[in-house]
Amino acid sequence: SHSYVGPDYSVQKNTGKISLEQIDALSVKSFPLCMRQLHRALRDNHHLRHGGRMQYGLFLKGIGLTLEQALEFWKKEFIRGKVDADKFDKGYAYSIRHSYGKEGKRTDYTPYSCMKIIMSNPPSQGDYHGCPFRHSDPDLLKQKLQAYKVPSSGITQILELVKGMHYQLACQKYFELTHGVDDIGFSLNHPNQYFTESQKLLSGGRELKKEPNNSGSSQQKSNSQESMNSNSTPASSNTTADAELEGLEGYFNED
Ligand code: SF4
């Protein structure tokens, strides 16, 4: 019942329309917090561990990076750290091609939905993947939101939603606060949807819906979203997406 049934974000309408130079700015303006966090960690450490490479690599593919761009993007960053060009070509390039369906079973892998990110493969020490609203310690989340200049009243609202395990609603609130809108106008269920909606809004393609008084409205506008308890059975353990991932352990297989 928790399977993701929304649009397939592996269909890349934007393919080739984003340049690598734009990614830093886009990560601040239009990436959801999970991807902003991964991008920052990648830039800071010149490396991401397996779970982060999977989550972020497929997201970038979904926003329109071509295979050639993905290879260039990851290589440029990794060789600034401990991985030399030769090691990258041998250890990582195959895996990136694999994720684009160019190797192995030639499956075109789909970017992860929020449900999958929230419910499976929680991050361990040294990992940056996952959903910050679900997986970050609330104090750290608060610090991060402060650092991102989210107003303190908004932070309080977000932390309340997190406490109630309404992680996607917390993310919607983050969208509203960082885009200056009172009502997000859609029910969030995919990081790539977040990106697409943000871009639409910033380019004026979507009418802003201003509501003078929205207190408490976030709970009402997405009744379909249930709170998610970490003790629940991982929802996506048997989904098609997981089945597709079989054989993808080679994707960025180096740690
Ligand atoms: Fe990412 Fe979804 Fe969590 Fe938002 S709710 S941070 S888009 S996983």
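Residues numbered from 1 in each chain as written. Predicted model: local features only at pLDDT ≥ 70, side-chain atom pairs only at ≥ 80, totals over all residues. Heavy atoms only, no water.

*Asks:* Even after reading the chapter, I still don't get the overall build of the protein chain, so can you show me in this structure?
*Replies:* The secondary structure content of the protein chain amounts to 13 helices and zero strands. Each helix (α) and strand (β) of the protein chain, taken in turn from the N terminus, gives the series α-α-α-α-α-α-α-α-α-α-α-α-α. Counting only residues that meet the buried cut, the protein chain has 49% of its 255 residues in that class. Of the contacts made within the protein chain by residues no fewer than 6 positions apart, 69% connect residues no fewer than 24 positions apart. Accessible surface computed for the protein chain: about 12500 Å², of which carbon and sulfur atoms make up 48%. (Helix = DSSP H or I, 4+ residues; strand = E, 2+ residues; numbered from the N terminus. Buried < 20%, exposed > 50% of the residue type's maximum accessible area, 1.4 Å probe, protein only. Contact = heavy atoms within 4.5 Å. Areas by Shrake-Rupley, 256 points an atom, 1.4 Å probe, with all protein chains shown as cover.)

*Asks:* What am I meant to see in the site of the ligand here?
*Replies:* Near the ligand you find Pro32, Cys34, Cys114, Ile117, Cys131, Pro132, Phe133, Gln168, Cys171 and Pro191, and these make up its full shell. Listed by contribution, the elements that provide at least two residues to the shell around the ligand are helix H6 (114-119), helix H7 (132-135) and helix H10 (167-179). In terms of residue class, the shell around the ligand is built from nine nonpolar, one polar and no charged. (Near = heavy atom within 4 Å. Nonpolar A, V, L, I, M, F, W, Y, C, P; charged D, E, K, R; others polar.)

*Asks:* Hey, could you run me through the side chain of Ser198 in this one?
*Replies:* In this fold, Ser198 is placed in helix H11 (residues 191-202). On the basis of relative accessible area, Ser198 is assigned to the buried category, the value being 0%. A distance of 2.6 Å separates polar atoms of two side chains, one belonging to Ser198 and the other to Ser30. Of note is the side chain of Ser198, whose polar atom sits 2.7 Å from the side chain of His179. In this structure Ser198 touches Lys29, Ser30, Phe175 and His179, once residues within four positions along its chain are discounted. (Polar contact = N/O pair within 3.5 Å; in protein donor to acceptor, adjacent residues only side chain to side chain.)

*Asks:* Teacher, can you tell me more about the packing of aromatic side chains here?
*Replies:* By convention here, two paired aromatic rings are described through the distance between centres and the angle between planes. All told, the structure shown has 16 aromatic pairs when counted by the stated rule. For the ring pair Phe73 and Trp74, a centre distance of 5.5 Å and an interplane angle of 80° mean the geometry is edge-to-face. Residues Trp74 and Phe78 carry aromatic rings whose centres are separated by 5.9 Å and whose planes lie at 75° to one another, so their mutual orientation is edge-to-face. Taken together, the residues Trp74 and Phe78, both in helix H4 (residues 67-78) and four residues apart, mark about one turn of the helix. On the basis of relative accessibility, which here comes to 1%, the residue Trp74 falls in the buried class. In this structure Phe78 comes out as buried when scored by relative accessible area, which is 1%. (Phe/Tyr/Trp six-rings, centres within 6.5 Å; stacked < 30°, edge-to-face > 60°.)

*Asks:* So what exactly am I meant to see when it comes to the side chain of Gln69 here?
*Replies:* Mapped onto the elements of the fold, Gln69 is located in helix H4. When near neighbours in sequence (up to four residues on either side) are disregarded, Gln69 contacts Gly16, Ile18, Ser19, Leu20 and Gly64.

*Asks:* Help me understand the pattern of salt bridges, please; the structure alone is not making it clear to me.
*Replies:* In a structure, side chains of opposite charge can pair up when their charged atoms sit close to one another. Under the defined criterion, the tally for this structure stands at 10 salt bridges. When the shortest N-O distance is used, the salt bridge between Glu77 and Arg43 registers 2.4 Å. Of this pair, Glu77 sits in helix H4 while Arg43 sits in helix H2 (residues 33-45); the two residues are 34 residues apart in sequence, bridging distant segments of the chain. Within the structure, one salt-bridge network assembled from shared partners comprises Asp24, Arg43, Glu77 and Arg80. (Salt bridge = Lys/Arg side-chain N within 4 Å of Asp/Glu carboxyl O.)

*Asks:* Would you explain the environment of Arg53 in this entry?
*Replies:* Position of Arg53 relative to the elements: it lies in helix H3 (residues 50-63). Separated by 11 residues in sequence, Arg53 and Leu42 have C-alpha atoms that sit 9.2 Å apart. At a separation of 2.4 Å, a polar atom in the side chain of Arg53 contacts the main-chain carbonyl oxygen of Leu48.

*Asks:* What is the right way to read unusual backbone geometry from this model?
*Replies:* As a rule of thumb, non-glycine residues mostly have phi less than zero, and peptide bonds are mostly trans rather than cis. Even without a glycine there, the phi angle at His46 is positive, about 55°. Relative to the helices and strands, His46 resides in the loop between H2 and H3. Here the phi dihedral of Lys149 falls at roughly 65°; this positive angle occurs in a residue that is not glycine. Inspection of the secondary structure puts Lys149 in the loop between helix H8 (138-147) and helix H9 (152-163). Judged by relative accessible area, which is 72%, Lys149 ranks as exposed.

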